[in-house]
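Survey of secondary and tertiary structure
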Amino acid sequence: MATWRERAISAGMQLFQASGAHRLAAPFTRGLGAILMFHRVRPDPGEAFAPNAGLEITPAFLDQLLIHVRAQGYDVISLDAALDILRSREAPSKPFVVLTFDDGYRDLVDHALPILERHGAPFTAYVTAGFADHDARLWWMEMEEAMRRLRRVDMTVGGRRIARDCATAAEKSAAFGDIYWGIRDGGEEQLLGVVAELAAQAGVDSRALTVEACLGWSEIASLARHELATVGAHSVTHPRLAKLDAAAARREMAESRDRIAQETGLSPRHFCYPVGDPTSAAGREFALAAELGFESAVTTRPGMIFPEHRDHFHALPRLSVNGKHQSLAALDVLLSGAPFALMNRGRRVSA
C-alpha cells in the first residue's frame with residue numbers, strides 16, 4: 001500500500017507529464033545540471049513485497065537513462081568536473097549530470113559497472129566503511145527480510161504498540177510502513193534496537209545480509225583504481241549524523257575517510273551524508289565536512305545545481321532516481337527542475 005507521500009509524488013509526476021509544464025519551465029529551473037543518486041542496480045527480483053524498491057533500478061533502465069540524457073543534450077561528467085564548473089563561474093555549454101552510487105553494494109560492480117564502462121560514464125561510489133568490513137548493519141534490508149518471514153508483528157515502537165497481521169504482501173507493506181516511520185522519528189539506538197528485535201524474531205542473520213549485499217575491501221580497492229570511478233566516504237556505520245553528538249558525528253566522518261584510505265591507498269575527498277535529509281544532516285554536519293577537509297559533501301535534499309552552490313560545496317542537493325518511477329518521462333520531469341522549484345518555493349540553495 002502506497003503512503004500518502006508516495007501517492008503525492010506519483011500524482012505530481014503524472015500532472016507534469018500530462019501537462020508538459022516542466023518542459024516550459026526547464027530553461028528557468030534546471031540550473032547548471034544535477035547530481036543523480038542511485039543505490040542498488042540489479043535485475044527486478046519480482047517480489048510482491050518490496051518496501052525498499054525505491055532504492056533499486058534495473059540494469060536495463062540505467063542503460064536507457066545514459067542513452068537518453070546524452071540524446072537530450074546533457075554531458076555526463078565526474079563530480080570533480082562539476083565542482084570545477086562551479087568554481088569557474090562560467091556557464092557550461094551544455095547542462096550536466098553527475099552519477100553517484102551510495103553504500104557500496106556488490107551490484108555496482110556486478111551489474112552497473114559494465115554499463116558505465118560501455119557508455120564511458122564517470123561516477124562516484126560513496127562507500128560505508130562498516131559495510132565493507134561486514135560489521136555495520138543494513139537495517140532497512142534486515143527489516144524487509146524480517147517482515148518477509150513474519151506473519152504477525154506485535155511490538156512497541158516509541159511508546160506505541162504496533163500489532164498487525166502480516167501474512168499478505170499488502171499487510172506486510174502496511175506493517176513495514178508503521179514501524180519504519182515510527183523508528184525514523186526516534187534516535188539511532190531505538191531504530192537499531194527495534195530492527196534487531198524484528199530480526200531476532202524472524203531469524204535474520206544481519207551479518208550474512210551485509211556480506212551478500214556489499215563489496216569487500218579488495219573489491220573496493222580495485223574499484224578505486226578504475227579510470228571512471230571516484231570513491232567517496234559515507235560514514236562508518238551509516239547513522240543519521242544529526243542524531244549523534246558532535247564528537248560521534250565527527251568520528252563517523254573522519255574514521256570512514258581514514259579507513260578507506262588505509263584499505264585503498266587513496267584518501268576520499270568527497271563525503272555523502274547517510275540518509276541525508278534535513279533531519280539527518282544540517283548545518284552542524286555541513287560545517288564538520290568542511291572542517292575535516294572534504295572538498296564536497298552531498299545530501300538527499302532534492303534540487304538542481306545552480307551557480308550559487310559554489311558557496312555551498314558541503315550541502316549539495318541530489319535527485320533520487322527512484323526505482324518506483326523507472327521511466328524516461330519521469331526522469332525528464334526530474335531533470336527539468338520544475339518540481340523542486342515548486343517544492344522549494346523558488347529557493348535555489350537549501351543549506
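Here, every reference points to the structure presented above.
Residues numbered from 1 in each chain as written. Predicted model: local features only at pLDDT ≥ 70, side-chain atom pairs only at ≥ 80, totals over all residues. Heavy atoms only, no water.

Quick notes on the pattern of salt bridges
Evaluation of the coordinates by the stated rule reveals 26 salt bridges. Its salt-bridge partner being Arg 164, residue Asp 178 comes within 2.8 Å of it at the nearest N-O pair. Within this pair, whereas Asp 178 is found in helix α8 (residues 169-184), its partner Arg 164 is found in strand β8 (residues 160-165), the two being separated by 14 residues in sequence. A relative accessible area of 23% means that Asp 178 is categorised as partly exposed. With relative accessibility at 30%, the residue Arg 164 sits in the partly exposed group. Of the charged contacts in the structure, one is a salt bridge between Asp 277 and Arg 184, with a shortest N-O distance of 2.8 Å. On the criterion of sequence distance, the pair formed by Asp 277 in the loop between β10 (270-272) and α13 (283-291) and Arg 184 in helix α8 is long-range, its members being 93 residues apart. We classify Asp 277 as buried; its relative accessible area is 19%. With a relative accessible area of 12%, Arg 184 lands in the buried category. Linked through salt bridges whose partners overlap, the residues forming this network are Glu 47, Glu 144, Glu 145, Arg 148 and Arg 149. (Salt bridge = Lys/Arg side-chain N within 4 Å of Asp/Glu carboxyl O. Helix = DSSP H or I, 4+ residues; strand = E, 2+ residues; numbered from the N terminus. Buried < 20%, exposed > 50% of the residue type's maximum accessible area, 1.4 Å probe, protein only.)

Quick word on the layout of surface pockets
By volume, the second largest pocket amounts to about 610 Å³. What lines the second largest pocket is a set of 30 residues, and nearest its centre among them are Arg 40, Arg 42, Pro 45, Glu 56 and Glu 144. Counting residues per element, the ones that place at least two in the lining of the second largest pocket are β3 (56-57), α5 (107-119), α7 (139-149) and α10 (206-213). Per-element accounting of the lining of the second largest pocket gives the leading share, 5 residues, to α7. Its residues assigned to classes, the lining of the second largest pocket comprises 12 nonpolar, 6 polar and 12 charged. (1 Å grid on protein atoms, 1.4 Å probe; cavity = no way out; pocket = protein on both sides within 12 Å on 5 of 7 lines; lining within 4 Å. Points joined across faces, edges and corners; volume = space filled by probe spheres on them. Nonpolar A, V, L, I, M, F, W, Y, C, P; charged D, E, K, R; others polar.)

Let's talk about unusual backbone geometry
Of all residues except glycine, most have a negative phi; of all peptide bonds, most are trans. One non-glycine residue, Arg 89, lies in the positive phi region at around 65 degrees. Mapped onto the elements of the fold, Arg 89 is located in the loop between α4 (79-88) and β5 (96-103). Residue classification places Arg 89 among the exposed residues on the basis of a relative accessible area of 57%.

Overview of the environment of Glu 142
Here Glu 142 is to be found in helix α7. The exposure class assigned to Glu 142 is buried, which follows from its relative accessible area of 2%. Once the C-alpha coordinates of Glu 142 and Ser 206 are considered, the two residues, 64 residues apart in sequence, prove to be 6.2 Å apart. Setting aside anything within four residues of it in sequence, one finds Glu 142 in contact with Arg 137, Val 195, Ala 199, Val 204, Ser 206 and Leu 209. (Contact = heavy atoms within 4.5 Å.)

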